[in-house]
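Here's the letter readout for the chains.
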Protein chains: 2
Amino acid sequence: MVDFVPAVDLLYDAVKAKGHVCIGLDTCAGYVPERERRKAQNDAQAVLAFNKAVIDATYDAAACYKVQIAYYEEMGLAGLGTYSETLKYIRSKGSLVIADIKRGDIADTALRYANAHFSGDFEADFVTLSPYMGMDSIEPWLSKAVSCGKGAFVLVRTSNPGRKDFQLLKTSPQSAYLYEAVGEKLSELAKQNKGKCGYGIFGAVTGCAERDEALRIRQQYPELFFLIPGYGAQGGGAKDAVSLLRNGNGGVVNASRSIITAWQNAQNYTEQAIKDADNNFASGASRAAVLKMRDEILSYGAQQ
Amino acid sequence: MVDFVPAVDLLYDAVKAKGHVCIGLDTCAGYVPERERRKAQNDAQAVLAFNKAVIDATYDAAACYKVQIAYYEEMGLAGLGTYSETLKYIRSKGSLVIADIKRGDIADTALRYANAHFSGDFEADFVTLSPYMGMDSIEPWLSKAVSCGKGAFVLVRTSNPGRKDFQLLKTSPQSAYLYEAVGEKLSELAKQNKGKCGYGIFGAVTGCAERDEALRIRQQYPELFFLIPGYGAQGGGAKDAVSLLRNGNGGVVNASRSIITAWQNAQNYTEQAIKDADNNFASGASRAAVLKMRDEILSYGAQQ
């Protein structure tokens, strides 16, 4: 019998070694420099080549990658080929990948999804899940994850304005927010299924929040590893993000557009920084953006 | 400029002409008779051939099809090829198809998903959506749907036991269930975006419920067209399902396993019924199951 190391332990170690950045490869063809795009047979191929260049230029400086499947589904079957190849390429570098698929379905269907995303063409280390249908839409993933060393991040408190519609409704009997009811259930599950690092093998998606709320959330769920979106393009900063960390670990901070389209704002980086980073202009800019973000988070974290 | 007929109007007419059955093509290779499976090159091809036979045998007797993408994702890239071909085949028959994808993501990501599932390789007439992130995860789909005559069903009250975890929490200030908070928001949106049939172009997933609850839900949301799962394998019956209809329309009732694996329980159908239905044993049994279900719903509906 093979004993799998839970993915959360690998992620914990990756954060220790390489910082907190989770690079979001939400790549559409429009993000690929025109010159590179014209070289490719089609958009799906252009995105794959671009992703590979970004991965080559950044894998030693990021904790993990997150790949948003919507961008690939939009390109149809060829796009999903690129999605599959991107995941494989990340894993071939020894890096971890979160499949941002936000699936949420029950029973047999959940198991099918778990087979789809924890093995085969679309194998990832972690997935993101949506809890609306209830814990029977989460648990089937757990048994599969335990058996093959995978993990998941369940949507708890997101950073989009629409979180007010339902996540921030007060629920009885505890008069807690809906997202706290979700966090509570997830917490129970994490306590019973921990990695050696002390975090549950299932964690939470918890967006950048105001400092007070962030600190409260961190305190409420000490055993949950956080996937923290909302950095950069979505307005959150390193200061907000570090409030969700714990002893300098326990979370990865995702940025997508600000990294992969960094080449469009190359004035933010010195020519030398880009040249030093990589021969390829676009991936060089991405690397410069990653290093800047990583160091910002580390420096704020050190002040905590 | 082309004026698109909203998909909900087409579905309304389909119910009038062909009854309320929504056939769930949640097909895995294990549901294909061994003899047929051996004829195919691989599992994805076996499922495609099986789906086509079922569609040929049933499209005149069902309101629409629902294809659960998890079963196809499980088979990887080849499976998604079968998913794409199945959708195309249904539409080539002039039938409607609901892509059961339960997506739920925001802003640009939602638009990417909408492009993916309202056009191109994965074009469907309707999709299913999950509301946890808030209405900004629903609205981007709406603008796209309006522009191309598509529709959606948003998860409101599902029929799995886990619905108790979150959907049935009481929320303040109205002291309504969470699912009613979702239904309310969806209702507002439907009122502003109706088809000629009087139903909103976005409807709700509302599982079979106890008669009293079902009648109350139907009364609360007169403008929502319902996708009603939970029939057959999930324990609901025609009697429960019809309580969610309105004047004999306003809903389709989904059954998956009880239809596509009907051949495994062929003792439920007379040999003649199967022979009459189709030369192919499996799809013949499926047709017999569809006709039985359709007539049960119609007869209960007539008693209302």
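Residues numbered from 1 in each chain as written. Chains lettered and ligands numbered in written order. Predicted model: local features only at pLDDT ≥ 70, side-chain atom pairs only at ≥ 80, totals over all residues. Heavy atoms only, no water.

## Focus: the overall build of chain A
Turning to step 1, where the next piece is worked out: The helix and strand inventory of chain A stands at 13 helices and 10 strands.
Turning to step 2, where the next piece is worked out: In terms of overall dimensions, chain A is globule-like: its C-alpha atoms have a radius of gyration of 19 Å, near the 19 Å expected for 304 residues.
Turning to step 3, where the next piece is worked out: Seen through its principal axes, chain A has C-alpha atoms that stretch 60 × 45 × 40 Å.
Turning to step 4, where the next piece is worked out: Taking the contacts inside chain A whose residues are at least 6 apart along the sequence as the reference set, 74% of them involve residues at least 24 apart.
Turning to step 5, where the next piece is worked out: Element-wise, carbon and sulfur atoms account for 47% of the exposed surface of chain A, whose accessible area totals about 11400 Å².
Turning to step 6, where the next piece is worked out: Averaging the positions of the 34 positive and the 34 negative side-chain charges in chain A gives two centres separated by 3 Å. (Helix = DSSP H or I, 4+ residues; strand = E, 2+ residues; numbered from the N terminus. Rg over C-alpha atoms; globule rule 2.2 N^0.38 Å. Contact = heavy atoms within 4.5 Å. Areas by Shrake-Rupley, 256 points an atom, 1.4 Å probe, with all protein chains shown as cover. Lys, Arg positive; Asp, Glu negative; His and termini not counted. Charge placed at Lys NZ, Arg CZ, Asp CG, Glu CD.)

## Looking at the pairing of strand β2 (residues 64–68) of chain B
Residues and elements named next belong to chain B.
Turning to step 1, where the next piece is worked out: A large share of β2 lies buried, amounting to 5 of its 5 residues.
Turning to step 2, where the next piece is worked out: Across 3 bridges, strand β1 (residues 21–24) lies against β2 in parallel orientation. Bridging from a neighbouring strand, Gly 24 pairs with Lys 66 of β2. (Buried < 20%, exposed > 50% of the residue type's maximum accessible area, 1.4 Å probe, protein only. Pairing = 2+ DSSP bridges.)

## A closer look at the interface of chain B and chain A
Turning to step 1, where the next piece is worked out: At the junction of the two partners, chain B supplies 55 residues and chain A supplies 56 residues.
Turning to step 2, where the next piece is worked out: Carbon and sulfur atoms supply 59% of the area that chain B and chain A bury against each other, a total of about 4800 Å² over both sides.
Turning to step 3, where the next piece is worked out: Taken together, the connections running from chain B to chain A amount to 8 salt bridges.
Turning to step 4, where the next piece is worked out: A salt bridge links Lys185(B) to Asp165(A); the nearest nitrogen and oxygen atoms lie 3.8 Å apart.
Turning to step 5, where the next piece is worked out: Along the contact surface separating chain B from chain A lie 32 residue pairs in polar contact (both at pLDDT 80 or more).
Turning to step 6, where the next piece is worked out: The set of elements that each furnish at least two residues to the side of chain B that touches chain A consists of α4 (70–73), α5 (76–92), β3 (96–103), α6 (107–118), β5 (151–157), β6 (170–171) and α8 (178–191) of chain B.
Turning to step 7, where the next piece is worked out: The element that contributes the greatest number of residues to the side of chain B that touches chain A is α6(B), accounting for 7 residues.
Turning to step 8, where the next piece is worked out: Class assignment of the residues belonging to the side of chain B that touches chain A gives a composition of 25 nonpolar, 16 polar and 14 charged. (Buried area = accessible area lost by both parts, 1.4 Å probe. Salt bridge = Lys/Arg side-chain N within 4 Å of Asp/Glu carboxyl O. Polar contact = N/O pair within 3.5 Å; in protein donor to acceptor, adjacent residues only side chain to side chain. Nonpolar A, V, L, I, M, F, W, Y, C, P; charged D, E, K, R; others polar.)

## Considerations on the packing of helix α6 (residues 107–118) of chain A against helix α7 (residues 139–148) of chain A
Residues and elements named next belong to chain A.
Turning to step 1, where the next piece is worked out: The contact between α6 and α7 brings their axes to 8 Å, and the two run at 35°. Along this stretch, α6 crosses α7, giving a crossing that reads as right-handed. Between α6, through Ala 107, Ala 110, Leu 111, Tyr 113, Ala 114, Asn 115, His 117 and Phe 118, and α7, the contact on the second element is made entirely by Pro 140, Trp 141, Lys 144, Ala 145 and Cys 148. (Axes fitted to C-alpha atoms, helices over the stretch in contact; angles between N-to-C directions. Left-handed = near helix turned anticlockwise from the far one by under 90°.)

## Re the nonpolar core
Turning to step 1, where the next piece is worked out: Grouped together as the largest cluster of nonpolar side chains are 208 residues, with contacts concentrated most on Phe202(A) and Phe202(B).
Turning to step 2, where the next piece is worked out: Aside from chain neighbours lying at most four places away, what touches Phe202(A) is Leu129(A), Ile138(A), Trp141(A), Leu142(A), Ala145(A), Gly151(A), Ala152(A), Leu186(A), Leu189(A), Ala190(A) and Leu224(A). (Core = buried A, V, L, I, M, F, W, Y, C linked by side-chain atoms within 4.5 Å.)

## Concerning the pattern of salt bridges
Turning to step 1, where the next piece is worked out: What the rule picks out here adds up to 42 salt bridges over all chains.
Turning to step 2, where the next piece is worked out: Its salt-bridge partner being Arg91(A), residue Glu123(A) comes within 2.9 Å of it at the nearest N-O pair. Of this pair, Glu123(A) sits in the loop between α6 and β4 (126–129) while Arg91(A) sits in helix α5 (residues 76–92); the two residues are 32 residues apart in sequence, bridging distant segments of the chain.
Turning to step 3, where the next piece is worked out: A relative accessible area of 29% means that Arg91(A) is categorised as partly exposed.
Turning to step 4, where the next piece is worked out: For Glu73(B), the salt bridge is made with Arg103(B), and the minimal N-O distance between the two is 3.5 Å. Of this pair, Glu73(B) sits in helix α4 while Arg103(B) is found in strand β3, placing the two residues 30 residues apart along the sequence.

## Here we look at the sheet that holds strand β8 (residues 202–206) of chain B
Within a sheet, each strand pairs with its neighbour through backbone hydrogen bonds, oriented either parallel or antiparallel.
All names here are of chain B.
Turning to step 1, where the next piece is worked out: Taken in spatial order, the 8 strands line up as β1-β2-β3-β4-β5-β8-β9-β10 and close into a barrel, and their pairing is parallel. Strand-to-strand twist across the sheet, computed as the mean angle between neighbouring axes with direction ignored, equals 30°.
Turning to step 2, where the next piece is worked out: Here β2 pairs with β3 via 5 bridges, running parallel. Of the residues in β3, the one forming a bridge with Tyr 65 is Val 97.
Turning to step 3, where the next piece is worked out: Sitting on the sheet, α6 touches β3, β4 (126–129) and β5, and the angle it makes with β3 is about 155°.

## So, the environment of Phe4(A)
Residues and elements named next belong to chain A.
Turning to step 1, where the next piece is worked out: Here Phe 4 shows up in the segment before α1 (7–18).
Turning to step 2, where the next piece is worked out: It is 8.5 Å that separates the C-alpha atoms of Phe 4 and Lys 150, two residues lying 146 residues apart in sequence.
Turning to step 3, where the next piece is worked out: Once residues lying within four places of it in the same chain are set aside, the contact partners of Phe 4 are Ser 147, Cys 148 and Gly 149.

## Regarding the confidence of the model for chain A
Turning to step 1, where the next piece is worked out: Mean pLDDT over chain A works out to 92, with 92% of the residues at or above the 70 mark.
Turning to step 2, where the next piece is worked out: Listed scores for the predicted complex are pTM 0.95 and ipTM 0.94. (pLDDT = per-residue confidence, 0-100.)

## Some words on the packing of aromatic side chains
Turning to step 1, where the next piece is worked out: The final tally for this structure, using the stated rule, is 18 aromatic pairs over all chains.
Turning to step 2, where the next piece is worked out: Seen in terms of ring centroids, Phe126(B) and Phe153(B) are 5.1 Å apart; in terms of plane orientation they differ by 35°. Their pairing is tilted. Taken together, the residues span a long stretch of sequence, with Phe126(B) in strand β4 and Phe153(B) in strand β5 at a distance of 27 residues.
Turning to step 3, where the next piece is worked out: Measuring from ring centre to ring centre gives 6.4 Å for Phe153(B) and Phe225(B), while their planes differ by 55°; the resulting arrangement is tilted. Remark: Phe225(B) occurs in the loop between α9 (211–220) and β9 (226–228) and Phe153(B) occurs in strand β5; sequence separation between them is 72 residues. The pair Phe153(B) / Phe225(B) is uniform in exposure class, with both members buried.
Turning to step 4, where the next piece is worked out: Counting every residue linked through ring pairs, the aromatic cluster contains Tyr12(A), Phe126(A), Phe153(A), Tyr199(A) and Phe225(A). (Phe/Tyr/Trp six-rings, centres within 6.5 Å; stacked < 30°, edge-to-face > 60°.)

## Some details on the environment of Val154(A)
Residues and elements named next belong to chain A.
Turning to step 1, where the next piece is worked out: Mapping Val 154 onto the fold places it in strand β5 (residues 151–157).
Turning to step 2, where the next piece is worked out: According to the relative accessible area criterion, Val 154 is buried, its value standing at 2%.
Turning to step 3, where the next piece is worked out: Expressed as a C-alpha distance, the spacing of Val 154 and Tyr 12, which sit 142 residues apart in the sequence, is 17 Å.
Turning to step 4, where the next piece is worked out: Ignoring anything within four residues of it in the chain, the contact list for Val 154 reads Leu 129, Pro 131, Ile 138, Leu 186, Gly 203, Ala 204 and Val 205.

## A short note on the pairing of strand β10 (residues 251–255) of chain B
Residue and element names in this part refer to chain B.
Turning to step 1, where the next piece is worked out: Of all the 5 residues making up β10, 5 are buried; the element is thus mostly covered by neighbouring parts of the structure.
Turning to step 2, where the next piece is worked out: Here β10 shows a buried face lined by Gly 251, Val 253 and Ala 255 and a second buried face lined by Val 252 and Asn 254.
Turning to step 3, where the next piece is worked out: Here β1 pairs with β10 via 3 bridges, running parallel. From the neighbouring strand, Cys 22 faces β10, where its bridge partner is Asn 254.

## Side note on the relation of the copies chain B and chain A
Turning to step 1, where the next piece is worked out: Between the two copies, chain B and chain A, the superposition gives an RMSD of 0.0 Å; the rotation angle is 180° and the shift along the axis is 0.0 Å. Here the transformation between the copies is reduced to the relation of a two-fold axis. Rotation axis and chain B: the residue whose C-alpha lies nearest the axis is Thr171(B), separated from it by 2.2 Å.
Turning to step 2, where the next piece is worked out: Both copies contact each other with a shared surface, as 100% of the interface residues of chain B are interface residues in chain A too. (Least-squares fit on C-alpha atoms with pLDDT ≥ 70 in both.)

## What about the sheet that holds β4(A)?
All names here are of chain A.
Turning to step 1, where the next piece is worked out: Spatially, 8 strands are ordered β1-β2-β3-β4-β5-β8-β9-β10 in a closed barrel, and the strand pairing comes out parallel. Neighbour-to-neighbour, the strand axes of the sheet open up by a mean angle of 30°, direction not taken into account.
Turning to step 2, where the next piece is worked out: Sheet strands in contact with α1 are β2 (64–68), β3 (96–103), β4, β5 and β10 (251–255), and its direction is about 125° off that of β3.

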